[in-house]
Amino acid sequence: MMTNYAIFDLDDTLLNLHVPLIHTLNERTGLSKCPKSIKTFTIEEDYGISQETFFRWAIESNILERGVIHDGALELFNTLKTQGTRIAIITARAWHPRARAITEEWLNCNGLVPDELHIVHMHENKNHSTGHMKCVRLAVDDREHHVHHFSKLTANAFLYRQGWNVNATHPHYIDNLMQLNNSINIGEI
Ligand SMILES: [Mg+2]
């Protein structure tokens, strides 16, 4: 039997990164942007800073360590594992020099243990990490272009609804991980 895969993005899909990130950027710049009002999430433009500055601040402020696990993530991982689905996280965190170590530690601390962890570059196509996955059961990401690629691998490619993707043309949204876990439990996915 072919291995079934579930593919997850990490930042703002399995965890909330944008709230601690925006707090940090507000502190550093003196601006007072509200996380709920972030519609494009082009940080450099929103805050008038270079990408280099953004990355430096993010590293200095331990942003990756401060992500907050989304409700339902643990239950979702347990359901998928019970059903024999292999879990792959593909995250574009390669901008951070210690991305793998920090990510592995965060996952362990939060009890999320994927079967595979792929760390890719920010503008890299995530499909470069999926070549060995012959059977993909579902995929979730908060970025439309990644979901667009995943939709070539599975009919169950979902956008995790966030302020910056509400105008996406991709029709398959999920609003939270509990909802996804329920759909899997009742055999909809
Ligand atoms: Mg993301």
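These numbers were taken from a predicted model, which means no experiment stands behind them. (Residues numbered from 1 in each chain as written. Predicted model: local features only at pLDDT ≥ 70, side-chain atom pairs only at ≥ 80, totals over all residues.)

Q: What's the story with the sheet that holds strand β8 (residues 173–174) in this structure? I'm lost.
A: Strand pairing in a sheet takes place through backbone hydrogen bonds and is either antiparallel or parallel in direction. One open sheet accounts for 6 strands, arranged β5-β4-β1-β6-β7-β8; its pairing is parallel. Here the strands that pair on one side only, and so sit at the sheet edges, are β5 (116–119) and β8. Relative to strand β4 (residues 86–91), strand β1 (residues 4–8) is paired through 4 bridges, and the arrangement is parallel. Paired with Tyr5 across the bridge in β4 is Arg86. Packing against the sheet, helix α5 (residues 99–109) makes contact with β4 and β5, and its axis sits at approximately 145° to β5. (Pairing = 2+ DSSP bridges. Helix = DSSP H or I, 4+ residues; strand = E, 2+ residues; numbered from the N terminus. Contact = placed C-beta atoms within 7 Å. Axes fitted to C-alpha atoms, helices over the stretch in contact; angles between N-to-C directions.)

Q: Is there a simple way to think about the nonpolar core in this case?
A: Looking at soluble globular proteins, one finds that nonpolar side chains tend to be buried together. With 34 residues, the main nonpolar core has Ile7, Phe8, Ala139, Val140 and Phe158 as its most contacted residues. Of all elements in the fold, only β1, α1 (18–29), α4 (73–82), β4, β6 (135–141), α6 (144–150), β7 (157–160) and α7 (177–185) reach the threshold of two or more residues within this core. Two domains share this core, each providing at least three of its residues, namely domain 1 (4–16 + 68–185) and domain 2 (18–65). Ignoring sequence-local partners within four residues, the contact set of Phe8 consists of Thr13, Leu14, Ile87, Ile89 and Val140. (Core = buried A, V, L, I, M, F, W, Y, C linked by C-beta atoms within 7 Å. Buried ≥ 20, exposed ≤ 12 C-beta atoms within 10 Å, placed from the backbone. Domains from an automatic or database assignment.)

From the geometry alone we can't say anything about function, so treat these as descriptive.
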